[in-house]
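Residue strings, one per chain:
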Amino acid sequence: MKEYDYIIIGSGFGGSVSALRLAEKGYKVLVIEKGRWYKSKDFPKSNWNLKKWLWFPKLKWHGIMKMSFFRHITIISGVGVGGGSLVYANTLPIPKKAFYKTGSWKSLADWENELKPHYQTALKMLGATKNPKLFDGDLALEKLSKEINREKDFDKTNVAVFFGEPDVKVADPYFNGKGPERVGCNFCGGCMTGCRNNSKNTLDKNYLFLAQQLGADILAENEVYDVIENKQKDGYTVYLKNSTSFFKKKMKIKAKGVVFSGGVLGTIKLLLKLKKSSLPHISNQLGMDIRTNNESLISVTNLDGKKDLSKGVAIGSILHTDKDSHLEICRYSSGSGFWKTTHLPYVSGKFPIINIFKITVSFLRNPLSLLKMYLVKDWAKSTATLLFMQTLDSKLKFKKNILGVFSSRIAEGKKPRAYIPRAAELAKKYAKIINGKATVFALEPLAGIPSTAHILGGAVMGENINEGVIDKNNLVFGYDNLLIIDGSMISSNPGVNPSLSITAIAERAISKIKNK
Ligand SMILES: Cc1cc2nc3c(=O)[nH]c(=O)nc-3n(C[C@H](O)[C@H](O)[C@H](O)COP(=O)(O)OP(=O)(O)OC[C@H]3O[C@@H](n4cnc5c(N)ncnc54)[C@H](O)[C@@H]3O)c2cc1C
Ligand code: SF4
């Protein structure tokens, strides 16, 4: 049996930072990732190529995005070497002050000041750059900012993209020549189906690439299903099995320490199972404090074919619409129209039965304009998706139900909602600007279930085992040398896209570990 100092489960933001920084400290590191190892040209040309876009192993679809359906939330997340960075929209905002001063971690440290240098490192490592160009979708957002008297609150986004000369290959521009070659972004809008142009700074182009140079091993297409503490208490045995082939070849590997970095869906699901078997001393807080950014995703389709809303990076601009909320414009590249098959007209209301009535009425009243929207030649080219987010808190919890199924539950306080009046109001104004019609993912009006790309929490920080699953340095209460470093550690609502914060907190967590 092989032996490592640290095994890292999952290769997203938390896992990749852990891999590089632990390797730099002299530790022997193995990263285990259940998804595939994609090279630029392997990514699908459009999201109609479901086999390469979606992760659904039962159908032999080994793509980069997973959709998970729960009673109270629909979640999209990334899979593959690089985790969510493969499919994400590259946007890296720093949260507002409330993030550091609320939630279960608020009294554990002066987070805003402690994290400042780590945010700077994270921005540098991910190659964050101000998006240099605005296109039709962003210009319409700028117009909206003027309409609501918030012109000063409109800005280009900070994104993890290499903007050299479009389509021109250059030697590593980020790490003094130690990183991989990069190609200038051509603003094709395809970041969320995987960048085929080698311009997006995914984690396999920075943290993981450098970790490998220092000897870290990366094992793709293997899923960890058990972690057992050794009898001598000198470490753990990690059990894994192949995740992509029909025959699930199994293996076990020893490590002195384990970092759980499977993202909320990977880490919390695995740990809820292990709490009932191999790791029973984990805090009862496991699965609590699940948060989203209180998002609302509304697609607006231009009906006159005069706009090209697919050009630009996936999220090119941002508008702070009030002190608690902001709006970003998202896009897919021309030809990526799969989402229209899952969308229904956007109607304003909390109650599904009333929504169904309103949708039927809108079909009957104006069948032609609705048909026009579904039949536009290139849905991605004609559609901008408005991503609305709020810092206001709302919570759910994850549990294993009596049948052992991983499921969501309502927690105390507010739950995430599908219909947010402020988002509806802004979408209406945006639709007017681009002569468009709004649609949303069907489960929102039909079942009142909101969707999120930013699932967070479930293994939050606390003063002790009764208040959290991990301490302020990400160590799991009740065990030695077990850490949780991914979106599950996020202990309050950042109110903005979370990857930069996950990266910064991961940097801090590993900085607390001594050199070997
Ligand atoms: C379409 C989309 C767009 C997004 N856009 C943005 C954006 O613009 N900005 C932003 O900040 N965030 C964005 N996000 C969110 C961002 O991707 C996530 O917040 C982030 O990736 C979470 O990082 P993580 O470290 O928690 O783990 P992840 O990045 O989710 O990685 C976890 C990895 O662990 C693997 N894994 C899980 N369980 C196991 C197991 N048992 N064994 C082996 N491997 C396992 C998974 O396959 C996955 O690759 C977006 C997400 C999506 C889906
Ligand atoms: S816009 Fe196109 S080229 Fe630029 S990073 Fe995104 S996918 Fe790559």
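Quick look at the structure, then. (Residues numbered from 1 in each chain as written. Chains lettered and ligands numbered in written order. Predicted model: local features only at pLDDT ≥ 70, side-chain atom pairs only at ≥ 80, totals over all residues.)

1. So, the sheet that holds strand E19 (residues 325-330)
If you walk across this open sheet you meet the 7 strands as E8-E18-E19-E21-E17-E24-E20, and the pairing is antiparallel. Edge positions in the sheet fall to strand E8 (154-156) and strand E20 (343-345), since each of these pairs with one other strand and no more. Going from strand to strand, the sheet's axes swing by 30° on average, the running direction of each strand aside. Pairing geometry for E19 and strand E21 (residues 383-390), over 6 bridges, is antiparallel. Counted as the bridge partner of Cys330 is Thr385 from E21. Contacts between helix H11 (residues 421-433) and the sheet are confined to strand E17 (296-302), strand E18 (315-322), E19, E21 and strand E24 (436-441), with E17 contributing the most and set at about 15° to the helix. (Pairing = 2+ DSSP bridges. Helix = DSSP H or I, 4+ residues; strand = E, 2+ residues; numbered from the N terminus. Axes fitted to C-alpha atoms, helices over the stretch in contact; angles between N-to-C directions. Contact = placed C-beta atoms within 7 Å.)

2. Focus: the packing of helix H1 (residues 13-24) against helix H13 (residues 499-511)
Running from N to C, H1 and H13 cross one another at 30°; their axes reach a closest spacing of 9 Å. It follows that H1 is roughly parallel to H13 by the angle criterion. The way H1 lies across H13 gives a crossing that is right-handed. In this structure, H1 contributes Phe13, Gly14, Val17, Ser18, Arg21 and Leu22 to the contact, and H13 contributes Ser499, Ile502, Thr503, Ala506, Glu507 and Ile510. (Parallel < 35°, antiparallel > 145°, perpendicular 65-115°, else oblique. Left-handed = near helix turned anticlockwise from the far one by under 90°.)

3. Details of the site of ligand 2
Close to ligand 2 lie 14 residues, the nearest being Cys185, Cys188, Cys191, Cys195 and Asn197. For the shell around ligand 2, the per-class residue count stands at 8 nonpolar, 5 polar and 1 charged. (Near = placed C-beta within 6 Å. Nonpolar A, V, L, I, M, F, W, Y, C, P; charged D, E, K, R; others polar.)

4. Considerations on the site of ligand 1
Of all residues adjacent to ligand 1, which total 41 residues, the nearest are Gly10, Gly12, Gly83, Gly84 and Gly266. Going through the elements one at a time, H1, strand E6 (74-78), strand E13 (222-229), helix H7 (263-275) and H13 are the ones with two or more residues in the shell around ligand 1. Across the shell around ligand 1, the residue classes break down as 17 nonpolar, 20 polar and 4 charged.

5. Considering the pairing of strand E22 (residues 396-400)
Two elements, E22 and strand E23 (residues 406-410), share 5 bridges in a ladder whose sense is antiparallel. Looking at E23, one finds that Lys399 is bridged to Ser407.

6. Overview of the pairing of strand E1 (residues 3-9)
Of all the 7 residues making up E1, 5 are buried; the element is thus mostly covered by neighbouring parts of the structure. Strand direction decides the pairing type here: E1 and strand E15 (residues 250-260), joined by 6 bridges, are parallel. Pairing of Tyr4 across the sheet is with Ala255, part of E15. A crossover connection joins E1 to the parallel strand E2 (residues 29-32) through H1; in handedness this β-α-β unit is right-handed. (Buried ≥ 20, exposed ≤ 12 C-beta atoms within 10 Å, placed from the backbone. Right-handed = clockwise from strand over helix to strand, strands pointing away.)

7. Observations concerning the sheet that holds strand E25 (residues 451-452)
The mixed open sheet is built from 3 strands, whose spatial order is E5-E6-E25. Each end of this open sheet is capped by a strand with a single partner; those strands are strand E5 (65-69) and E25. Looking at chain direction, E5 and E6 are connected through 5 bridges and run antiparallel. Looking at the pairing, Met67 lines up with Ile76 of E6.

8. A few points about the environment of Thr301
By secondary structure assignment, the location of Thr301 is in strand E17. For the pair formed by Thr301 and Lys340, sequence separation is 39 residues and the distance between their alpha carbons is 9.9 Å. With residues near it in sequence (within four places) discarded, Thr301 still touches Met373, Val376, Trp379, Ser382, Thr383, Gly436, Lys437 and Thr439.

9. Some thoughts on the environment of Phe175
Note on placement: Phe175 falls in the loop between strand E10 (169-170) and strand E11 (182-183). Judged by the 16 C-beta atoms lying within 10 Å of it, Phe175 is partly exposed. Between the C-alpha atoms of Phe175 and Gly263, which are 88 residues apart in sequence, the distance is 27 Å.

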